[in-house]
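Structural overview for review
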Amino acid sequence: MICILLVAGHGTVLETQIKNDDTGLYGHLTGVPKALLPGIGGKKILDFWWETVNMRQLFTEVYLVTNADKYKHFERWATANDFPVENVVNDGSTTLEDQLGAVADLELVIRSRKLQDDIMVIAGDMLCADQNFDIAQVIRFFRSKPGELAIYYELEEGEKSSSRGIVEVCPDTHRITRFLEKPQEGLTASRLASVVFYCLRKNTLPCLSEFLSLQPQAQDRSFGQFWEWLINEKQLHVFGMKLPTGFQLIGQVGLSDYTKWLTHYSAKKQGNPAKPITCRSYARAGLMGNPSDGFHGKTIAMTISNFWAEVTLVESQILVLLPHPLNDPTEFGSLQDLFCISRKEGYLGGLRLLQATCKKFYQFCSKQGIALTKQNFTLKYDTNIPRQVVRISPDFLVVQVSSCHKQLMEERGYGEYVSIDMKNLPTFWLAYLSDPSDSGRIHSNVRQRWLSVKKCFSRTALEEGDWTRLAQLMDQNFELRRSVYTDDCLGPGNLKMVQLARQFGSAVKLPGSGGAVVGLCLDQERLVRLRWTDSRKCTDCPCPDPSYCQFPKL
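Worth saying up front: this structure is predicted, and the values here are computed from it rather than measured.

A separate point is the overall build of the protein. Along its length, the protein carries 18 helices and 21 strands. Here the protein holds 554 residues, and 46% of them are scored as buried. The contacts in the protein between residues at least 6 apart in sequence include a share of 74% that link residues at least 24 apart. Carbon and sulfur atoms provide 51% of the accessible area of the protein, an area that totals close to 28500 Å².

Structure, rendered in structure tokens:
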């Protein structure tokens with residue numbers, strides 16, 4: 001892919017106002033090209049764009065198109081900044097009257113240098129509010145779509161849509177359905193502004209010459225008019241990607257607007273660090289149907305508000321995933337201590353979930369056309385989900401029916417969730433093993449067996465308060481699951497808890513992937529006895545300290 005930076009405009013308004021400024025503050029900028037004016041943090045505007053594209057060998061070549069009037073300025077800039085001087089292209093114009101137009105400048109460098117590759121086009125005199133966005137993500141999104149790409153952002157308060165090229169974007173496909181160059185008020189409700197930041201496929205480059213043949217006047221050869229023609233008339237597939245930042249093309253503004261936006265964007269950069277963000281999610285127990293939801297089926301589940309896991313995100317210089325002091329131990333009292341903890345709790349804590357979440361978030365944003373900044377963060381988690389028996393009060397339940405229909409999952413990545421208004425629920429109980437197995441083993445080879453089983457369940461018992469029928473269905477659900485998974489897959493610990501619960505007349509089933517059971521005992525006296533009954537200790541535990549590792553209490 002080739003990148004072309006356009007800096008050939010003749011900014012007569014800004015240049016004239018700088019020259020005539022009588023405050024003495026801008027005298028040193030007289031005659032300086034727009035792209036070489038100070039940007040965010042004092043860095044030249046073009047310096048930022050050159051640093052952005054000149055990284056990780058994203059482009060085979062980078063070209064700079066300027067005019068004859070400012071060519072010498074950019075030649076010296078290229079020498080000082082390790083930019084290939086031979087890639088600075090002079091369009092020959094010296095005034096606003098004989099300028100070629102932005103599209104003609106782009107066509108000039110493509111034709112004169114015989115470029116035959118995908119092209120990224122960026123206005124090199126454009127102020128960017130965010131100095132850290134990831135241009136590699138833009139390229140990846142472009143390559144994932146069957147068409148061209150136009151970058152856009154949401155107008156800030158005070159910015160008028162009549163001063164920008166406005167795009168209307170389909171939220172599902174991200175295709176730009178309409179492009180309006182500086183539309184009049186009321187013509188569109190969109191606040192999405194296109195900027196001179198595009199990607200063109202090499203097969204589309206001949207459209208540049210076709211457009212120029214239709215527009216002989218330089219003032220009609222703007223990119224806004226080109227995209228209006230390409231999208232609205234030729235109906236080419238052009239997709240949009242949103243950047244979480246603002247842009248200002250300073251070639252179109254005067255001195256007051258330039259200083260205003262420079263101050264505005266600099267203030268954003270120097271703002272106080274964002275406050276920590278903490279989010280909490282409650283434990284979920286499958287009551288009926290699970291693991292049908294894992295195979296595009298339906299399930300009834302409940303969340304338990306007195307057990308939770310939460311994550312906290314804090315802005316930081318580098319991306320850090322903090323291990324939990326209990327669930328992700330890195331220090332041990334002895335080798336025996338390491339052995340006992342590892343045997344009981346396994347090797348995998350919560351860090352893998354944090355890492356997987358970050359990965360999925362990045363994938364989601366890339367797929368949805370949302371470019372992320374390079375701002376980093378520290379992510380940590382905490383949880384109070386216990387491993388011992390828990391008595392669940394109806395006051396702490398939210399019951400939901402979820403349908404993970406294949407079409408829904410493929411279209412949007414999640415199923416359909418319906419809350420059930422439940423009152424006067426009976427008392428459910430929940431028990432955990434002290435050394436549960438990894439759910440990856442539980443789910444490893446079950447799909448083919450599950451496909452051969454007829455699946456059905458109803459929420460009628462829950463909605464009608466038929467608790468006896470619900471208890472029967474829970475037992476049937478477990479037996480169906482047992483026939484699909486087999487005893488070897490479920491494991492002796494899970495089967496032991498089920499056997500013990502049934503000795504006390506309780507309906508019982510697995511609420512998740514193993515390591516826990518959820519039950520419904522309608523006899524309150526037997527429920528109390530069940531709760532305080534100890535199971536025997538392990539007799540086959542290889543742990544050097546047998547008292548350290550035992551079956552849980554119910």
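Turning our attention to the packing of helix α15 (residues 467-485) against helix α17 (residues 492-503). Relative to each other, α15 and α17 sit at 150°, their axes nearing to 13 Å. As far as their axial angle goes, α17 and α15 are roughly antiparallel. Like other packed secondary-structure pairs, α15 and α17 cross with a definite hand, here left-handed. For the pair formed by α15 and α17, the contact residues are D475, F478, E479 and R482 on the first element and L495, V498 and R502 on the second.

This brings us to helix α9 (residues 335-345). Every buried residue of α9 is listed here: C340, I341 and S342. Looking at where α9 begins, the residue whose side-chain oxygen comes 3.4 Å from the main-chain nitrogen of Q336 is S334. The first or second residue beyond α9 is G346, which carries a positive phi of 80°.

With respect to the helices and strands, R221 occurs in the loop between α6 (206-214) and α7 (223-233). It is 5.6 Å that separates the C-alpha atoms of R221 and V103, two residues lying 118 residues apart in sequence. Excluding anything up to four places from it in sequence, R221 contacts L100, G101, A102, V103, A104, F211, L212, Q215 and P216.

A large share of strand β2 (residues 61-66) lies buried, amounting to 5 of its 6 residues. With 3 bridges connecting them, β2 and strand β3 (residues 88-90) associate as parallel partners. Bridge pairing in β3 places T66 opposite N90. The parallel pair β2 and β3 is bridged by helix α3 (residues 71-80), and the resulting crossover is right-handed.

Before going further, it helps to spend a moment on the pattern of salt bridges. Going through the model one piece at a time under the given rule, you end up with 11 salt bridges. A salt bridge links E107 to R111; its shortest N-O distance comes to 2.9 Å. Placement of the pair is E107 and R111 together in helix α4 (residues 102-112), with a separation of 4 residues, close to one helical turn. Residue class for E107 comes out buried when judged on its relative accessible area of 12%. Judged by its relative accessible area of 51%, R111 falls in the exposed class. Across the pair D487 and R482 runs a salt bridge whose closest N-O atoms are separated by 2.7 Å. Exposure remark for D487: the relative accessible area of 35% places this residue in the partly exposed category. By relative accessible area, R482 is classed as partly exposed at 28%.

What follows concerns the confidence of the model for the protein. Looking at the protein as a whole, its pLDDT mean stands at 81, while 81% of the residues score no less than 70. pLDDT under 50 marks residues 452-456. Its contacts with residues more than four places away, or in other chains, come to 4 contacts. Across residues 534-554, confidence stays below pLDDT 50; counting only partners more than four residues off in sequence or on other chains, it has 46 contacts.

For the rest of this paragraph, the subject is the state of the cysteines. In this structure the tally under the stated criterion is 0 disulfides. As a non-bridged cysteine, C199 has C3 as the owner of its nearest cysteine sulfur, 8.7 Å distant.

Bringing the packing of aromatic side chains into the picture now. If you walk through the whole model with that rule in mind, you get 11 aromatic pairs. For the ring pair Y198 and F223, a centre distance of 5.3 Å and an interplane angle of 45° mean the geometry is tilted. Of this pair, Y198 sits in strand β9 (residues 192-200) while F223 sits in helix α7; the two residues are 25 residues apart in sequence, bridging distant segments of the chain. The two residues Y198 and F223 agree in class, both being buried.

At a closest axis distance of 10 Å, the pairing of α4 and α6 adopts a crossing angle of 135°. Here α4 is positioned oblique relative to α6, judged by the angle of their axes. Crossing geometry of α4 relative to α6 is assigned as left-handed. For the pair formed by α4 and α6, the contact residues are V103, A104, L106, E107 and I110 on the first element and L208, S209, F211 and L212 on the second. Residue composition of the contact of α4 with α6, grouped by class: 7 nonpolar, 1 polar and 1 charged.

On the surface, F332, L335 and L338 cluster together into a nonpolar patch covering about 280 Å² of accessible area. Relative to the helices and strands, L335 is located in helix α9.

Moving on, we get to unusual backbone geometry. Even without being glycine, K114 reaches a positive phi, approximately 55°. Take K114: it is sitting in the loop between α4 and β4 (119-123). Since its relative accessible area comes to 67%, K114 is described here as exposed. A positive phi angle is found at T486, which is not glycine, with a value near 75°. Relative to the assigned elements, T486 resides in the loop between α15 and α16 (487-490). T486 sits in the partly exposed class, given a relative accessible area of 35%.

Each value, and the rule that gives it
- All residue numbers refer to positions counted from 1 along the written sequence of the respective chain.
- pLDDT decides what is reported in this predicted model: residues at 70 or higher carry local features, side-chain atom pairs at 80 or more are listed and counted, and totals for whole chains, interfaces and linings draw on all residues regardless.
- Values reported for side chains reflect all heavy atoms of the structure, with hydrogen atoms and water molecules removed beforehand.
- Here a helix means four or more residues in a row that DSSP labels H or I, a strand means two or more in a row labelled E, and each is numbered from the N terminus.
- Each residue is placed in one exposure class: buried if its accessible area under a 1.4 Å probe, protein chains only, is under 20% of its type's maximum, exposed if it is over 50%, and partly exposed if it falls in between.
- Any pair of residues with heavy atoms lying within 4.5 Å of one another is described as a contacting pair.
- Surface accessibility follows the Shrake-Rupley procedure with a 1.4 Å probe radius. Residue values consider only the protein chains on display as shielding.
- Fitted lines through C-alpha atoms serve as axes, helices being fitted only where they are in contact, and the angles separating the N-to-C directions of these axes extend from 0 to 180 degrees.
- Orientation categories follow fixed angle ranges, with anything under 35 degrees roughly parallel, anything over 145 roughly antiparallel, 65 to 115 roughly perpendicular, and all other angles oblique.
- What makes a crossing left-handed is the near helix being turned counterclockwise from the far one by less than a right angle; a clockwise turn instead makes it right-handed.
- Polar contacts here mean pairs of N or O atoms no more than 3.5 Å apart (in protein, one a potential hydrogen donor and the other a potential acceptor; neighbouring residues in sequence count only if both atoms are side-chain atoms).
- Two strands are said to pair when DSSP picks up at least two bridges between them.
- A crossover gets the label right-handed when its path from the first strand over the helix to the second runs clockwise, viewed with the strands pointing away from the viewer.
- Take a side-chain nitrogen of Lys or Arg and a carboxyl oxygen of Asp or Glu: if they are within 4 Å of each other, that pair is a salt bridge.
- Values of pLDDT, ranging from 0 to 100, describe the predictor's confidence in every residue of the model.
- Two cysteine sulfurs form what is called a disulfide whenever their separation falls within 2.5 Å.
- Between 30 and 60 degrees the pair is tilted, below 30 it is stacked and above 60 it is edge-to-face, where a pair is any two Phe, Tyr or Trp rings, Trp via its six-membered ring, whose centres lie within 6.5 Å.
- Each residue gets one label: Ala, Val, Leu, Ile, Met, Phe, Trp, Tyr, Cys and Pro are nonpolar, Asp, Glu, Lys and Arg are charged, and the others, such as Gly, are polar.
- What goes into a patch is any residue over 30% in relative accessible area without a salt bridge, connected to like charges within 9 Å or, for nonpolar side chains (Val, Leu, Ile, Met, Phe, Trp, Tyr), within 5 Å.

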